[in-house]
Amino acid sequence: MLTKKQYELLLFINERLKETGVSPSFDEMKEALNLKSKSGIHRLITALEERGFIKRLAHRARALEVVKLPDTMASSMSAPTRAPTAANAPQAANDDSAVTVSIMGRIAAGTPIEALQEEVNQISVPIEMMRSGEHYALEVHGDSMIDAGIFDGDTAIIQSGATAENGEIIVALVEGHEATLKRLRRKGEMIALEAANPAYETRIFRSDQVRVQGRLVGLMRKY
């Protein structure tokens, strides 16, 4: 199963090759998928190549060949196509109602734990839970957000981003190395990370000590 972004990129590359016979540039791919860096495109291309969907042609700049297409994509090739947008982004290749999201480790709903940046697993997430842009998942560890319905062992679905509205539940990176799931409260030049459990105190930081890394958009739970 391809992730949502992998599927979008494969679709975009295939369409560009059909239209012009030339692979899109990294900048064009970055703009089409609304990513901030070329490194994200590089990771997506590598993943598609490892899964056998595309092949890089040796000794030719910007040369990519589409080797195969997912069944759902191939069956729609006769319909008019266009570059993917947030409004019409394709779903997962093998599932009409879900996309695959990377689990990037554990997130503390309690005392902050060391931030994790590497994919440790993947999870299939219902498409209606997703919003625009990139998403990732984190396994919740702790009970500081139980009054918000977030329990130890839940999987938090996070919309990646560096901004959030006051009152939203966010992934906060504290002083560059500790990650925690808390409700955001801005107080002038200060940021409060508010628990949803009276047993935990609200922690106050300077705005330069906290970086927003995404906001909670959904939860998944095993029974």
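Structure report, in brief. (Residues numbered from 1 in each chain as written. Predicted model: local features only at pLDDT ≥ 70, side-chain atom pairs only at ≥ 80, totals over all residues. Heavy atoms only, no water.)

### A word on helix α1 (residues 4–20)
For an α-helix the count is 3.6 residues per turn, leaving residues at separations of three or four pointing the same way.
Reasoning step 1: Given a rise of 1.5 Å per residue, 17 residues ought to cover 24 Å, and the 24 Å separating the end C-alpha atoms of α1 matches this to within 8%.
Reasoning step 2: Burial within α1 is extensive, with 12 of its 17 residues counted as buried.
Reasoning step 3: For α1, every residue scored as buried is listed here: K4, K5, Q6, Y7, E8, L9, L10, L11, F12, I13, N14 and E15.
Reasoning step 4: G21 occupies a position one or two residues after α1 and carries a positive phi of about 80°. (Helix = DSSP H or I, 4+ residues; strand = E, 2+ residues; numbered from the N terminus. Expected span 1.5 Å × (residues − 1). Buried < 20%, exposed > 50% of the residue type's maximum accessible area, 1.4 Å probe, protein only.)

### Digging into the packing of aromatic side chains
Reasoning step 1: Applying the stated criterion to the full structure yields zero aromatic pairs.
Reasoning step 2: Over the aromatic face of F53 sits the side chain of K68, whose NZ or CZ is 4.8 Å from the ring centroid. (Phe/Tyr/Trp six-rings, centres within 6.5 Å; stacked < 30°, edge-to-face > 60°. Lys NZ or Arg CZ within 6 Å of the ring centre and 35° of its normal.)

### Examining the environment of I123
Reasoning step 1: Tracing the backbone shows I123 in strand β5 (residues 121–126).
Reasoning step 2: Between the C-alpha atom of I123 and that of T3, which follows or precedes it by 120 residues, the distance is 9.9 Å.
Reasoning step 3: I123 has contacts with V99, T100, V101, I103, A137, T155 and M220, leaving out every residue within four places of it along the chain. (Contact = heavy atoms within 4.5 Å.)

### Quick notes on the layout of surface pockets
Reasoning step 1: Considered as a void within the structure, the largest pocket measures approximately 1,500 Å³ in volume.
Reasoning step 2: R43, E134, H135, Y136 and S160 are the residues nearest the centre of the largest pocket, which is lined by 45 residues in total.
Reasoning step 3: Mapped by element, the contributors of at least two residues to the lining of the largest pocket are α1, α3 (38–50), β3 (98–108), β6 (135–141), β7 (155–160) and β12 (210–220).
Reasoning step 4: The leading source of residues in the lining of the largest pocket is β3, at seven residues.
Reasoning step 5: Residues belonging to the lining of the largest pocket are distributed by class as follows: 17 nonpolar, 17 polar and 11 charged. (1 Å grid on protein atoms, 1.4 Å probe; cavity = no way out; pocket = protein on both sides within 12 Å on 5 of 7 lines; lining within 4 Å. Points joined across faces, edges and corners; volume = space filled by probe spheres on them. Nonpolar A, V, L, I, M, F, W, Y, C, P; charged D, E, K, R; others polar.)

### Describing the pattern of salt bridges
Reasoning step 1: Considering all chains together, one arrives at nine salt bridges under this definition.
Reasoning step 2: With a closest N to O distance of 3.5 Å, K5 and E8 form a salt bridge. Here K5 pairs with E8, and both are found in helix α1, just three residues apart, close to one helical turn.
Reasoning step 3: Overall, K5 belongs to the buried group, its relative accessible area being 11%. (Salt bridge = Lys/Arg side-chain N within 4 Å of Asp/Glu carboxyl O.)

### Regarding the packing of α1 against α3
Reasoning step 1: Where α1 contacts α3, the two axes come as close as 10 Å, and the packing angle between them is 85°. Taken together, α1 and α3 sit at an angle that is classed as roughly perpendicular. In this structure, α1 uses K5, Q6, L9 and L10 to contact α3, whose residues at the interface are I41, L44, I45, A47 and L48.
Reasoning step 2: Taken together, the residues of the contact of α1 with α3 break down into seven nonpolar, one polar and one charged. (Axes fitted to C-alpha atoms, helices over the stretch in contact; angles between N-to-C directions. Parallel < 35°, antiparallel > 145°, perpendicular 65-115°, else oblique.)

### Examining unusual backbone geometry
Reasoning step 1: Located in the positive-phi region is N34, a residue other than glycine, with phi close to 60°.
Reasoning step 2: Secondary-structure assignment places N34 in the loop between α2 (26–32) and α3.
Reasoning step 3: Its identity as a non-glycine residue notwithstanding, E175 has a phi of 55°, on the positive side.

### Topic: the environment of H42
Reasoning step 1: Looking at where H42 falls in the secondary structure, it is placed in helix α3.
Reasoning step 2: Take H42: its relative accessible area is 39%, and that puts it in the partly exposed class.
Reasoning step 3: A sequence separation of 13 residues divides H42 from M29, and the C-alpha atoms of the two residues are 10.0 Å apart.
Reasoning step 4: Excluding its chain neighbours within four sequence positions, the residues that come into contact with H42 are F26 and R56.

### Examining the side chain of D154
Reasoning step 1: Within the element layout of this structure, D154 appears in the loop between β6 and β7.
Reasoning step 2: In this structure D154 comes out as buried when scored by relative accessible area, which is 2%.
Reasoning step 3: In this structure the side chain of D154 is engaged in a polar contact, spanning 2.8 Å, whose partner is the backbone nitrogen of F151.
Reasoning step 4: Every residue in contact with D154, bar those within four places of it in the chain, is listed here: L138, E139, V140, G149, L219, M220 and R221. (Polar contact = N/O pair within 3.5 Å; in protein donor to acceptor, adjacent residues only side chain to side chain.)

Remember, this is a structural readout, not a statement about activity or role.
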